[in-house]
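These are the residues of each chain, in order.
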Amino acid sequence: MKYLDALIIGAGFSGLYQLHCLRDKLKLNTLVLEEGDDLGGTWYWNRYPGARCDSESFTYGFTFSKKIFKKWTWKERYPKQKVILKYLKYFSKEYNLKKNIVFKQKVISTQYFEKENLWKIKTNNMKIYFAKYLICAVGSLSSINLPAIKGINQFKGQLHHSGRWPKKNINFKNKIVGQVGTGSTGIQIAPEIAKKAKKLILFQRSPNFSIPARNRKLSNTNIKNYKKNFNKLRSFLKRTPGGHPFEFPKKSAFDFDEAKRNLMYEKSWQYGTLSFRATFNDIVKTIKANKTAVKFIENKIYSTVKNREYAKILTSFDHPFTAKRPTLNTNYYEMFNKKNVELVNLKENPIVKITKKGIKTKKNEYTLDKIIFATGFDALTGSIEKLNITGKKGIKLTKYWKSGPKSFLGLLVPNFPNMFIISGPGSPSVLTNVPVQIEQHVEWITKCIKFLENNKRQSIESTNEAAKKWQKEITSSVKKTLFMKAKSSWYKGDNIPGKSKSFLPYPGGMPKYRKVCLKVEKTNYKELKII
Ligand code: N01
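Participant: Would you explain helix 6 (residues 220–228) in this entry?
Facilitator: Structural remark: α-helix, 3.6 residues per turn; residues separated by three or four positions point the same way. Among the residues of helix 6, Ile 223, Tyr 226 and Lys 227 are the ones counted as buried. Along the axis of helix 6, the buried residues cluster in a sector spanning 100°; they form a single face. The exposed set on the far side of helix 6, more than 90 degrees from its buried face, consists of Thr 221, Lys 224 and Lys 228. Where the residues of helix 6 are buried, they touch helix 3 (66–71) and helix 7 (230–239).

Participant: Can you help me understand the packing of helix 8 (residues 258–271) against helix 9 (residues 287–304) in this one?
Facilitator: Two packed helices can be described by the angle between their axes and the distance between those axes. Running from N to C, helix 8 and helix 9 cross one another at 65°; their axes reach a closest spacing of 11 Å. Along this stretch, helix 8 crosses helix 9, giving a crossing that reads as right-handed. Residues Glu 258, Arg 261, Asn 262, Tyr 265, Glu 266, Trp 269 and Gln 270 of helix 8 form the contact with helix 9, whose own contacting residues are Ala 289, Thr 292, Ala 293, Lys 295, Phe 296, Ile 297 and Lys 300. Partitioning the contact of helix 8 with helix 9 into residue classes produces six nonpolar, three polar and five charged.

Participant: Is there a simple way to explain the site of the ligand in this structure?
Facilitator: For the ligand, the set of nearby residues contains 23 residues, the closest of which are Arg 52, Thr 182, Thr 185, Arg 205 and Ser 206. Asp 54 has a polar side-chain atom sitting 3.0 Å from an oxygen atom of the ligand. Between Ser 184 and the ligand, the recorded distance is 3.0 Å, taken from a backbone N or O atom to an oxygen atom. Protein contacts shield 88% of the accessible area of the ligand, which totals 910 Å² for the unbound molecule. When residues of the shell around the ligand are assigned to their parent elements, the largest contribution, three residues, is made by helix 5 (residues 184–196).

Participant: Mind showing me how you'd approach the pairing of strand 5 (residues 118–123) here?
Facilitator: Across six bridges, strand 4 (residues 107–113) lies against strand 5 in antiparallel orientation. The partner of Gln 111 across the bridge, within strand 5, is Lys 120. Hairpin connection, strand 4 to strand 5: the antiparallel pair is bridged by four residues, and Asn 117 has positive phi, about 55°. When strand 5 meets strand 6 (residues 128–136), the two strands line up antiparallel, connected through four bridges.

Participant: Even after reading the chapter, I still don't get the domain arrangement of the protein chain, so can you show me in this structure?
Facilitator: When the parts come together, some accessible area is lost, and that loss is often what is quoted as the size of the interface. With domains assigned, the protein chain is organised as domain 1 (2–143 + 378–530), domain 2 (144–209 + 325–376) and domain 3 (249–283 + 285–321). If you average the C-alpha positions of domain 1 and of domain 3, the two centres end up 34 Å apart. With nine residues of domain 1 in contact, the opposing surface of domain 3 contributes twelve residues. Here domain 1 packs against domain 3, burying approximately 790 Å² in sum over the two surfaces, 57% of which is carbon and sulfur. Counting across the domain 1 and domain 3 interface gives zero salt bridges. Between the two partners, domain 1 and domain 3, sit two residue pairs in polar contact (both at pLDDT 80 or more).

Participant: I would appreciate a short explanation of the nonpolar core in the present structure.
Facilitator: Counting 79 residues, the largest nonpolar core has Phe 13, Tyr 87, Phe 91, Ile 135, Phe 420, Trp 444 and Ile 449 as its most contacted members. Broken down by element, this core gets its largest block of residues, nine residues, from helix 14 (residues 434–454). The contacts of Phe 420, once residues within four sequence positions are left out, are Tyr 133, Leu 134, Ile 135, Cys 136, Leu 411, Leu 412, Trp 444, Ile 445, Cys 448, Ile 449 and Ile 460. If you look at the next biggest cluster of nonpolar residues, it comprises 50 residues, including Tyr 265, Tyr 310, Ala 311 and Phe 336.

Participant: What's the story with helix 15 (residues 464–478) in this structure? I'm lost.
Facilitator: Compared with an ideal rise of 1.5 Å per residue, which puts 15 residues at 21 Å, helix 15 spans 21 Å between its outermost C-alpha atoms and is within 8% of the ideal. For helix 15, the full list of buried residues reads Ala 466, Ala 467, Trp 470, Ile 474, Ser 477 and Val 478. Axial view of helix 15: buried residues confined to an arc of 105°, hence all on one face. Exposed residues lying more than 90 degrees from the buried face of helix 15 are Glu 465, Lys 468, Lys 469 and Lys 472. Packed against the buried residues of helix 15 are helix 16 (510–522).

Participant: Even after reading the chapter, I still don't get the environment of Asn 454, so can you show me in this structure?
Facilitator: Within the secondary structure, Asn 454 is located in helix 14. Looking at Asn 454, the relative accessible area reads 55%, which means it is exposed. Residues Asn 454 and Pro 147, 307 residues apart in the sequence, show an inter-C-alpha distance of 48 Å.

Participant: So what exactly am I meant to see when it comes to the pattern of salt bridges here?
Facilitator: A side chain with one charge may pair with a side chain of the opposite charge, provided their charged atoms come close. In this structure the tally under the stated criterion is 23 salt bridges. The salt bridge involving Lys 67 is made with Glu 94; its shortest N-O contact spans 3.6 Å. Of this pair, Lys 67 sits in helix 3 while Glu 94 sits in helix 4 (residues 81–94); the two residues are 27 residues apart in sequence, bridging distant segments of the chain. Where Lys 522 meets Glu 521, a salt bridge forms, and the shortest distance between an N and an O atom there is 3.9 Å. The network of salt bridges with shared partners includes Asp 38, Lys 89 and Lys 98.

Participant: What is the right way to look at the sheet that holds strand 15 (residues 365–367) in this model?
Facilitator: What holds strands together in a sheet is hydrogen bonding between their backbones, with the strands either parallel or antiparallel. Strand order in this open sheet of three strands is 13-14-15, and the pairing throughout is antiparallel. What marks the edges here is a single partner per strand, and that holds for strand 13 (351–354) and strand 15. For this sheet the average axis-to-axis angle between neighbouring strands, irrespective of direction, equals 20°. Judged from the three bridges that link them, strand 14 (residues 358–361) and strand 15 form a sheet pairing that is antiparallel. Its bridge partner being in strand 15, Gly 358 is matched across the sheet by Thr 367.

Participant: What's the story with the sheet that holds strand 9 (residues 199–204) in this structure? I'm lost.
Facilitator: What the five strands build is an open sheet, ordered 7-16-8-9-12; its pairing is parallel. Lying at the two open borders of the sheet, with one neighbouring strand each, are strand 7 (158–161) and strand 12 (341–345). Looking at each pair of strands side by side, their axes are set apart by 15° on average, direction ignored. The pairing of strand 8 (residues 176–180) with strand 9 spans five bridges and is classified as parallel.

Participant: Whenever I open this one, the packing of aromatic side chains confuses me. Can you help?
Facilitator: In this description, an aromatic ring pair is defined by two values, namely the gap between the centres and the angle between the planes. One pass over the full model with this rule turns up 48 aromatic pairs. Look at Phe 58 and Tyr 226: their rings are 5.4 Å apart centre to centre, the planes differ by 25°, and that puts the pair in the stacked class. Of this pair, Phe 58 sits in the loop between helix 2 (42–45) and helix 3 while Tyr 226 sits in helix 6; the two residues are 168 residues apart in sequence, bridging distant segments of the chain. Tyr 226 carries the same exposure label as Phe 58, and that label is buried. Here the aromatic cluster, defined as three or more aromatic residues joined through ring pairs, consists of Phe 13, Tyr 17, Trp 43, Tyr 60, Phe 62, Phe 64, Trp 72, Trp 74, Tyr 87, Tyr 90, Phe 91 and Tyr 95. Of note, Arg 47 hangs over the ring of Tyr 44, and the distance from its end group to the ring centre comes to 4.6 Å. Sitting over the face of the ring of Tyr 400, Lys 406 holds its NZ or CZ atom 4.5 Å from the ring centroid.

Basis of the calculations
- Residues numbered from 1 in each chain as written.
- Predicted model: local features only at pLDDT ≥ 70, side-chain atom pairs only at ≥ 80, totals over all residues.
- Heavy atoms only, no water.
- Buried < 20%, exposed > 50% of the residue type's maximum accessible area, 1.4 Å probe, protein only.
- Helix = DSSP H or I, 4+ residues; strand = E, 2+ residues; numbered from the N terminus.
- Arc of directions from axis to C-beta.
- Contact = heavy atoms within 4.5 Å.
- Axes fitted to C-alpha atoms, helices over the stretch in contact; angles between N-to-C directions.
- Left-handed = near helix turned anticlockwise from the far one by under 90°.
- Nonpolar A, V, L, I, M, F, W, Y, C, P; charged D, E, K, R; others polar.
- Near = heavy atom within 4 Å.
- Polar contact = N/O pair within 3.5 Å; in protein donor to acceptor, adjacent residues only side chain to side chain.
- Areas by Shrake-Rupley, 256 points an atom, 1.4 Å probe, with all protein chains shown as cover.
- Pairing = 2+ DSSP bridges.
- Domains from an automatic or database assignment.
- Buried area = accessible area lost by both parts, 1.4 Å probe.
- Salt bridge = Lys/Arg side-chain N within 4 Å of Asp/Glu carboxyl O.
- Core = buried A, V, L, I, M, F, W, Y, C linked by side-chain atoms within 4.5 Å.
- Expected span 1.5 Å × (residues − 1).
- Phe/Tyr/Trp six-rings, centres within 6.5 Å; stacked < 30°, edge-to-face > 60°.
- Lys NZ or Arg CZ within 6 Å of the ring centre and 35° of its normal.

Written as structure tokens, this is what we have:
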């Protein structure tokens, strides 16, 4: 049994920075519990072939310290999973963080004791910790979604989910591989498997929009420049809605004739990055402008994929561009020109079951050596709910969130005092370049705890009114976007059977969100319940 000031769950970007802030700045007795056997969070688990971040490397890290920023060198435009892990290890070493992290500790329950004002945290090793502050730094995309397809346990070959990829190398040579899922992950894995496997059969339910990443090595001049411009970059990333290094222009798609518009799309297409959506200011706002981007992307797919039937399947979009998370790719569409790649349209030919030998669809049976599920996550709420959290008066978080997550700013939840969530539901989180959001959350939490400690307060908690008001803000913000036009999207919880259907992240953009958070802090958290 151990008594702590603060206990953090998760040793990814957010847990590591939070540990540094609470332990080194506030001098609190702080500990991190981590399920994995090393740090890294999302980047520890997602070690599938082709795993790479699609934010540009020099923006995908901490910016609170010039020294930390400058000492580390990103060598490619987009960092590989292994490189991100190295970066986090570098960060951890700089602040000697590992000494306050306990690995292989899966939290199985957490409970708040009102009289003692303590959280009790239990792990799978039956270790028990008590802490005044509980910080959930468990990541928005950590709880995997392995669909409950009939017969899934029958398969005799190897079956893997991208989000729990084994450490041991998987050999695809001379193998027939089935892959289910074509989101950001699936689009990265497939071209890598296709390079090695005898055959890759890709099972697509809905096509995703994908823009060429155009990864490359950074030149010495690139590296020198991004380091030199640290101050500018840091303030720029704080100004943009998604914490990315691009802004939306003033120009509408209709300020230009079709020929000029397509030239501008072409320029963005050749440039790569997630900034394609910011070619014009109205792509993400109006269906009419959005359709011009969709048409351009469809034409690109038709001009790349030689098999007309495949091109048709890959362009059978059921949502506007950006209504679901757009993806970046390296040779994804080109891959369909390989002889060893087959595309199955699950919309016309759905999976019926998984058998001992492979996947049986309505029309065929596919014999496979391996099945890869790139089927995503129980996003934003899944990893928090798995902590089995009980708040005041025995209130269970899972029950409290049954009809949708309720929180204030995604940071605090009514009835769960002194519990903070980093990048949780109700915050911009997955709609941003995540480290930018994480940094803002960690700093807000640190200042809040400092306020409580300096003023000798016991606890802070969101009121029901504050959480309701915030939910209204999310609902009204999302109306100004195209997100709700997607028939089915994990942003709305559609991918998990039985999950409540509400828009999960805050869609109003980082600058607006930052302003609200700052106001709460500057007014001494007066709309919250402080004891
Ligand atoms: O997961 P997804 P992901 N039968 O949910 C399909 C981040 N990320 O792991 O669209 C058949 O997006 C599903 O089909 P549909 C990023 O934020 C970042 O790819 O629901 N298919 C879809 O095709 C991203 O958005 C990076 O019809 C089923 C796929 O599986 C988020 O993580 C890299 C199915 C799931 O796509 C999640 O991405 C990777 C079923 N039963 C991820 N169930 C980078 O930074 C689901 N699908 C680069």
